[in-house]
Amino acid sequence: MKSNDNVMVMFMAPWCRHCKHLEPEYAKAAKNLRDENVRFAEVDATIENELANKHEIKGFPTVYMIRKGKKTAYDSGRTAEAITEWVTSFLSPIPKIAPSLSQAKAEEAKIVKYILVVHDEKDPLVAEFVNYGENNRAKGIYYQVVDPSEKKALYIVRANSEVEMLTDLKVDTLAALIDRETLPLFGPINGENYPEYAKNSSNWVWFAGANKDYEAVRKAVQAVSKKFRNKFNFVWLDTELFPHHAQSLLSISNPPAFVVTFNDKNYIADFKVVDATEHNITSHIENVVKGEAKRHIKSAPESEKDKGCLRTIVGSNFRKLVFQKQKDVLLLVHVPWCHHCTQFFPIFKDFAKEVCNDKSLMVASIDANDNEIDSDEFKYDGFPAVFFLKAGTKTPIVYHDARTKEALHNYIKKVHVKTDTKQDEL
């Protein structure tokens, strides 16, 4: 690596199925680029442990471009064509000098193009633009145009031919501006681009629907995105590619639909696609931000047979059953895929049977995979989580003791006082 300025290196393991699929494509890309200033290398991390640890390799395959000692993660597709395009873009001169804005726009590119138009090549923006490009080579291709007849601006030409002209350019904010504006005004989301969106904002405007639905709302959403993109990500969840995500992630059972995620809470719009105008979308976002929109609580159906010793809570009845005036509540939060949950659940259920005659205590559980907890007070980082809530209060106490019946009994003796309340079961 010391003898080459540009080295593309793949860390792999012989047992890794994804590595085996990538290797022939990686080799084709190396052949395609054999005349370029780049070398391709492969490292078996099961043998070169020290090298893998040095580069903090957590999974396989992991591919990096190492340019003059600086490491950049490869984040494109796993085909020879995708690798070739990414490397070619990465190695492009920064900036590429174009004689005119029209020519820079016309040059074909399958990734984002950044075109800085200035009136003087000594403009301080140029140095900042070049510095940003050198540190973010994988993001796109960088062009410089010196033309006093054009308006001073930064043009961002996205892969879908969408062009954005930015004129409020300042040296100290140029990098942040490019970071934000690189993302499409409104485009598809998938596993590869999700991290970039998540880095931009934790608030989202989702549209879940098929391609024809996306085309029907695209222009209206793009117009709204220009107003709110500094606070929200605007994304399309393609329900033809990801048919289950709309339900599991956004609780949308009948797409197409809009959902605003704000402060980790979902708000489903009540208008249909035919009514998805710029005004209606804007109004829904503004109502969410002002706290005037009704939050959607993800919930499994309530069970009419739920009268046993261990009550089953769902999202829709959470507040009614958990926040009780005359009953203490011991609540288990679990998910079906958690190994520790499947071990603890039968113990918790047996404990519920043993205290079933205490009518001043309700023992309950909620499946967090299918239900949201309608309260910001219940905070947990993993599963299972157990909370005790005193009657008439809203703030739970986190249970930290052992996951045994004996520990549960001892805990309840300390925090719960049995009373003779005759309140009917809800």
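What you see is a predicted model; the values in this text were computed from it and never measured.

Basis of the calculations
Residues numbered from 1 in each chain as written. Predicted model: local features only at pLDDT ≥ 70, side-chain atom pairs only at ≥ 80, totals over all residues. Heavy atoms only, no water. Helix = DSSP H or I, 4+ residues; strand = E, 2+ residues; numbered from the N terminus. Rg over C-alpha atoms; globule rule 2.2 N^0.38 Å. Buried < 20%, exposed > 50% of the residue type's maximum accessible area, 1.4 Å probe, protein only. Contact = heavy atoms within 4.5 Å. Pairing = 2+ DSSP bridges. Axes fitted to C-alpha atoms, helices over the stretch in contact; angles between N-to-C directions. pLDDT = per-residue confidence, 0-100. Disulfide = S-S within 2.5 Å. Right-handed = clockwise from strand over helix to strand, strands pointing away. Core = buried A, V, L, I, M, F, W, Y, C linked by side-chain atoms within 4.5 Å. Parallel < 35°, antiparallel > 145°, perpendicular 65-115°, else oblique. Left-handed = near helix turned anticlockwise from the far one by under 90°.

Trainee: What is the right way to read the overall build of the chain from this model?
Mentor: Within the chain, the secondary structure is distributed over 13 helices and 19 strands. A compact globule built from 426 residues would reach a C-alpha radius of gyration of about 22 Å, whereas the chain, at 28 Å, exceeds it by more than 25%. Reported as C-alpha extents along the three principal axes, the dimensions of the chain are approximately 85 × 60 × 40 Å. Sorting the 426 residues of the chain into buried and exposed places 46% on the buried side. Of the contacts made within the chain by residues no fewer than 6 positions apart, 71% connect residues no fewer than 24 positions apart.

Trainee: Could you clarify how one ought to interpret the environment of Gly77 in this entry?
Mentor: You can see Gly77 is positioned in the loop between β4 (70–73) and α3 (80–90). Residues Gly77 and Leu22 lie 55 residues apart in sequence; the distance between their C-alpha atoms is 9.8 Å. If we skip the residues at most four places from it in the chain, Gly77 touches Ala82, Ile83 and Glu192.

Trainee: Which parts of the structure should I look at to understand the sheet that holds strand β18 (residues 385–389)?
Mentor: Hydrogen bonding along the main chain pairs the strands of a sheet, whether they run parallel or antiparallel. Overall, mixed pairing links the five strands, which are arranged β15-β17-β16-β18-β19 in an open sheet. Looking at strand neighbours, the two that pair on one side only are β15 (310–313) and β19 (397–398), the edges of this open sheet. Bridge analysis of strand β16 (residues 328–334) against strand β17 (residues 361–367) gives seven bridges, and the strand direction is parallel. What sits directly across from His334, in β17, is Asp367. Across the sheet, helix α12 (residues 339–354) lies against β15, β16, β17 and β18, angled at about 160° from β16, the strand it touches most.

Trainee: What am I meant to see in the confidence of the model for the chain here?
Mentor: Any segment with low pLDDT has predicted coordinates that should not be analysed in fine detail. Averaged over all residues, the pLDDT of the chain is 90; the fraction at 70 or higher stands at 97%. Predicted confidence is poor over residues 422–426, with pLDDT under 50, and the contacts of this stretch with residues over four places away or in other chains come to twelve contacts.

Trainee: Sorry, what's going on with the state of the cysteines here?
Mentor: Here, disulfide denotes a covalent bond that connects the sulfur atoms of two cysteines. Applying the stated criterion across every chain, the model contains one disulfide. One disulfide in the model links Cys309 with Cys356; its S-S distance is 2.2 Å. Judged by the torsion about the S-S bond (-90°), the Cys309/Cys356 disulfide is left-handed. Here Cys356 lies in the loop between α12 and β17 and Cys309 lies in the loop between α10 (278–289) and β15, a separation of 47 residues in the sequence.

Trainee: Can you walk me through the pairing of strand β2 (residues 39–44) in this structure?
Mentor: Every regular strand shows the same layout, with side chains that alternate between the two sheet faces. Relative to β2, strand β1 (residues 6–12) runs parallel, the two sharing six bridges. When the bridges of β2 are listed, Val9 appears paired with Ala41. You can see the chain leave β1, run along helix α1 (residues 17–32) and come back into β2, and the turn it takes is right-handed.

Trainee: Where do I start with the nonpolar core in this structure?
Mentor: What tends to happen in soluble globular proteins is that the nonpolar side chains get buried as a cluster. Counting 23 residues, the largest nonpolar core has Phe186, Phe232, Phe234, Phe258, Ile281 and Ile285 as its most contacted members. Of all the secondary-structure elements, those providing two or more residues to this core are β11 (204–209), α8 (211–228), β12 (233–238), β13 (257–262) and α10. Tallying contributions element by element places α8 first for this core, with six residues. Those residues within four positions of Phe234 in sequence are excluded, and the remaining contacts are Leu185, Phe186, Gly187, Tyr197, Val205, Val221, Val224, Ser225, Phe228, Arg229 and Ile285. With 19 residues, the next largest nonpolar core counts Leu33, Tyr74, Trp86 and Phe90 among its residues.

Trainee: Sorry if this is basic, but what is going on with the side chain of Asn203 here?
Mentor: Structurally, Asn203 is set in the loop between α7 (194–200) and β11. Overall, the relative accessible area of 11% leaves Asn203 in the buried class.

Trainee: Teacher, can you tell me more about the sheet that holds strand β6 (residues 112–118) here?
Mentor: What the five strands build is an open sheet, ordered β5-β7-β6-β8-β9; its pairing is mixed. The open sheet terminates on both sides in strands that have one partner only, identified here as β5 (96–97) and β9 (163–166). With two bridges connecting them, β5 and strand β7 (residues 140–146) associate as parallel partners. Each residue of the ladder has a partner; that of Lys96, found in β7, is Tyr143.

Trainee: Would you explain the environment of Leu91 in this entry?
Mentor: Note on placement: Leu91 falls in the loop between α3 and β5. In this structure the C-alpha to C-alpha distance between Leu91 and Asn410, which are 319 residues apart in sequence, comes to 66 Å. Beyond its immediate sequence surroundings of up to four residues, Leu91 is in contact with Asn6, Asn37, Val38 and Arg137.

Trainee: How do you make sense of the environment of Leu408 when you look at a structure like this?
Mentor: Considering the arrangement of structural elements, one finds Leu408 in helix α13 (residues 405–415). What makes Leu408 buried here is its relative accessible area of 0%. Expressed as a C-alpha distance, the spacing of Leu408 and Leu241, which sit 167 residues apart in the sequence, is 45 Å.

Trainee: How should the packing of helix α5 (residues 124–135) against helix α6 (residues 174–181) be read in this particular structure?
Mentor: Direction vectors running N to C along α5 and α6 enclose 50°, while the axes themselves pass 10 Å from each other. One element, α5, and the other, α6, form an angle in the oblique class. Note that α5 runs across α6; the crossing there is right-handed. Residue-level inspection shows Leu125, Glu128, Phe129 and Tyr132 of α5 in contact with α6, the latter providing Leu174, Ala175, Ile178 and Asp179.

Trainee: Mind showing me how you'd approach the packing of α8 against α10 here?
Mentor: Each pair of packed helices can be described by the angle between their axes along with the distance between the axes. Across the interface, α8 lies against α10 with an axial gap of 9 Å and an inter-helix angle of 40°. If you check the angle between α8 and α10, you find them oblique. The interaxial crossing formed by α8 with α10 has right-handed handedness. In contact with Ala220, Val221, Ala223, Val224, Lys227 and Phe228 of α8, α10 contributes Glu278, Ile281, Thr282, Ile285 and Glu286.

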